[in-house]
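Commentary on secondary and tertiary structure
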Amino acid sequence: MTDLRIGHGYDVHRLAEGRRLVLGGVEIPWERGLLGHSDADVLVHAVMDALAGAACLGDIGRLFPDTDPSYAGISSLKLLRETGRLLAERGYGVVNIDTTLLAQAPKVGPYRQEMAENIAEALGLQPEQVNVKATTEEGLGFTGDGSGMAAHAVALLEKL
Ligand code: MG
């Protein structure tokens, strides 16, 4: 019997002036960026939490504590690559990953494919194993009023 494990990830970051906007490892030109200890890539953080959850490794706060100065400003794709290494060490392969980014603006449609490819590449996957979707929340709540962005991710792992 195939040993499959599912995980879910959710993350939120506040938008702030004077920060780069990095989503799925793509730097998107915009007036504000996400605030955080690392590059605050909310999409990649949700993916890492989904992977950590599926492998019963806790969450990214446990794997990469934000009290560790070596993670300051780090590219989240590097942390994703390390997460992939931890999964491989435990004998897990990724079947697929699906994500949803919640953001009122800017339009991220033109960058979706590049984001999916970055995530796939960091994990040694094929592009068709990673899907990136985005939606607004119709002007409602903290994503709707532009205070922040959120992301959901689900990941399916198989024991190799
Ligand atoms: Mg985060």
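Residues numbered from 1 in each chain as written. Predicted model: local features only at pLDDT ≥ 70, side-chain atom pairs only at ≥ 80, totals over all residues. Heavy atoms only, no water.

1. Considerations on the packing of helix α1 (residues 42–54) against helix α4 (residues 112–123)
Their axes nearest at 11 Å, the elements α1 and α4 cross at an angle of 40°. Our classification of the angle between α1 and α4 gives oblique. Between α1 and α4 the crossing geometry is right-handed. The residues of α4 that touch α1, namely those facing Leu-43, Val-44, Val-47 and Leu-51, are Met-115, Ile-119 and Leu-123. Its residues assigned to classes, the contact of α1 with α4 comprises seven nonpolar, no polar and no charged. (Axes fitted to C-alpha atoms, helices over the stretch in contact; angles between N-to-C directions. Helix = DSSP H or I, 4+ residues; strand = E, 2+ residues; numbered from the N terminus. Parallel < 35°, antiparallel > 145°, perpendicular 65-115°, else oblique. Left-handed = near helix turned anticlockwise from the far one by under 90°. Contact = heavy atoms within 4.5 Å. Nonpolar A, V, L, I, M, F, W, Y, C, P; charged D, E, K, R; others polar.)

2. Here we look at the pattern of salt bridges
Evaluated as defined, the whole model comprises six salt bridges. With a closest N to O distance of 3.5 Å, Arg-90 and Glu-89 form a salt bridge. Classification of Glu-89 by relative accessible area gives exposed; the value is 52%. Taken together, the shared-partner salt bridges connect Glu-82, Arg-85, Glu-89 and Arg-90 into one network. (Salt bridge = Lys/Arg side-chain N within 4 Å of Asp/Glu carboxyl O. Buried < 20%, exposed > 50% of the residue type's maximum accessible area, 1.4 Å probe, protein only.)

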